[in-house]
Amino acid sequence: RKTDVRNIKTSLETYYNDNNSYPTSATWETDLSSGTTPYMKTVPQDPKTNSDYAYTPSPTGCAAGACTSYTISTTLENKNDKEATNGTYTATSAN
């Protein structure tokens, strides 16, 4: 899961460099995995729950072209993982 989150983060940062904004919460997976040059072939899902990773762009409710930062997170089974807080591993935007 941590590798998935890191790979998504890399794709989000590349998307930002190309678009000067992060994707919205409604379109982020499509924005990363479609188009003439997708940033990821497919956006991975949590292997245990088969659910999307939690992606939260900011400011809250930002529209396309206006998302200036984000967090993406997942819950780990190992609650003692040194890179996680109470079992939640989170990556944040570089901006």
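Refer to the preceding data block for the structure.
Residues numbered from 1 in each chain as written. Predicted model: local features only at pLDDT ≥ 70, side-chain atom pairs only at ≥ 80, totals over all residues. Heavy atoms only, no water.

1. Regarding the pattern of salt bridges
Turning to step 1, where the next piece is worked out: By the definition in use, this model includes 6 salt bridges.
Turning to step 2, where the next piece is worked out: In this structure, Arg1 and Asp46 form a salt bridge, with 2.9 Å as the shortest nitrogen-oxygen distance. With Arg1 in the segment before helix H1 (2-19) and Asp46 in the loop between helix H2 (28-33) and strand S1 (54-58), this residue pair connects regions lying 45 residues apart in the sequence. Across the pair, Asp46 and Arg1 agree in class, each one buried.
Turning to step 3, where the next piece is worked out: As a salt-bridge pair, Arg6 and Glu83 come within 4.0 Å of each other at their nearest N and O atoms. You can see Arg6 sitting in helix H1 and its partner Glu83 sitting in the loop between strand S2 (69-75) and strand S3 (88-92), a full 77 residues away along the chain.
Turning to step 4, where the next piece is worked out: Residue Arg6 is classed as partly exposed on the basis of its relative accessible area, which comes to 37%.
Turning to step 5, where the next piece is worked out: Taken together, the shared-partner salt bridges in this structure form one network comprising Arg1, Asp46, Lys48 and Glu77. (Salt bridge = Lys/Arg side-chain N within 4 Å of Asp/Glu carboxyl O. Helix = DSSP H or I, 4+ residues; strand = E, 2+ residues; numbered from the N terminus. Buried < 20%, exposed > 50% of the residue type's maximum accessible area, 1.4 Å probe, protein only.)

2. A few points about the state of the cysteines
Turning to step 1, where the next piece is worked out: A full pass over the atoms with the stated rule returns 1 disulfide.
Turning to step 2, where the next piece is worked out: With its sulfur 2.0 Å from that of its partner, Cys62 forms a disulfide with Cys67. With the S-S bond torsion at 95 degrees, the cross-link from Cys62 to Cys67 turns out right-handed. (Disulfide = S-S within 2.5 Å.)

So yeah, pure geometry; function would need other evidence.
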